[in-house]
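Observations on the model geometry
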Amino acid sequence: MSEVHSENDSRYLQALAERIRARRTTKLFLKRAVSKSLVRDAVEVARWAPNHHLTEPWHFYSFGKQTIAKSIELIRDIAAETKDEKLAEFKAESAAKIPGWLLVTCRKSGDELRQQEDYASCCCAIQNLTLYLSEAGVASKWTTGLITRDQRFFDLLDIDPDEEFVVGLIWYGYPKVLPTQTRKDVGEILTETE
Ligand SMILES: Cc1cc2nc3c(=O)[nH]c(=O)nc-3n(C[C@H](O)[C@H](O)[C@H](O)COP(=O)(O)O)c2cc1C
């Protein structure tokens, strides 16, 4: 690739930077369904994440209607068990408004460094996925709520928790509203050495 950036390149760079800045964790979605083929394309792009030793440690579970319905019930049950019925009802109602559910897991490894690097790759894959969806107008929220650590959730998806762990449950859909966010100034987080 050329080191010299033409005016055109710089427009592409700005568009890429803007896409990265504009991806926002979103909680409220329109009812409109997201096509399966868009999600499949997002998974195809996700797996191009950097990945030491090319272990390809990720797995993506794209939920159908039955799995979503059972997951909502499980969210209700967990909240009732750990909090109270009122919150359980609220959580189930909120979950029922989420159009798209995608679970991302990472293969377990007995080697601590491999495990850490594989988890890092899965996180990069999720970023790829959510940026791709964002470019298509689909917003998302990466969650690691109680359901993602519940044995009943693994049973529902036929996941062996000795083999895989959850990196994130991705809720997605066309956004009702995109929240705003801030970050520290670059000067606070960047050290440039001699
Ligand atoms: C590993 C991970 C776990 C997260 N889990 C949750 C969660 O359980 N609930 C939630 O509301 N947001 C969760 N988030 C989203 C963050 O809260 C969100 O990224 C943060 O508020 C910054 O907002 P932004 O994504 O719009 O920049 C998670 C994000 C990451 C990376």
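Data block above holds the structure.
The present account deals with the structure reproduced in this document.

Each value, and the rule that gives it
Residues numbered from 1 in each chain as written. Predicted model: local features only at pLDDT ≥ 70, side-chain atom pairs only at ≥ 80, totals over all residues. Helix = DSSP H or I, 4+ residues; strand = E, 2+ residues; numbered from the N terminus. Buried ≥ 20, exposed ≤ 12 C-beta atoms within 10 Å, placed from the backbone. Contact = placed C-beta atoms within 7 Å. Expected span 1.5 Å × (residues − 1). Arc of directions from axis to C-beta. Near = placed C-beta within 6 Å. Nonpolar A, V, L, I, M, F, W, Y, C, P; charged D, E, K, R; others polar.

Details of the overall build of the chain
- Counting secondary structure elements, the chain contains 7 helices and 4 strands.
- In sequence order, the secondary structure elements of the chain are arranged as α-α-β-α-α-β-α-β-α-β-α.
- If you line up the chain on its principal axes, its C-alpha atoms span 60 × 45 × 35 Å.
- Buried positions account for 24% of the 194 residues belonging to the chain.
- Restricting the contact set of the chain to residue pairs at least 6 apart, pairs at least 24 apart contribute 82%.

Quick look at helix α3 (residues 65-82)
- For α3, which comprises 18 residues, the first-to-last C-alpha distance of 26 Å matches the rise-based estimate of 26 Å (1.5 Å per residue) to within 8%.
- Where α3 is concerned, the buried positions are S71, I72, I75, R76 and A79. Relative to the axis of α3, the buried residues are bounded by an arc of 140 degrees and lie together on one face. Of the residues in α3, the exposed ones pointing more than 90 degrees away from the buried face are Q66, A69 and E81.
- Buried residues along α3 sit against α4 (85-96), β2 (100-107) and α6 (151-157).

Observations regarding the site of the ligand
- The local shell around the ligand consists of R24, T25, K141, W142, T143, T144, G145, G168 and Q181.
- The leading source of residues in the shell around the ligand is strand β3 (residues 139-143), at 3 residues.
- Partitioned by chemical class, the residues of the shell around the ligand number 1 nonpolar, 6 polar and 2 charged.

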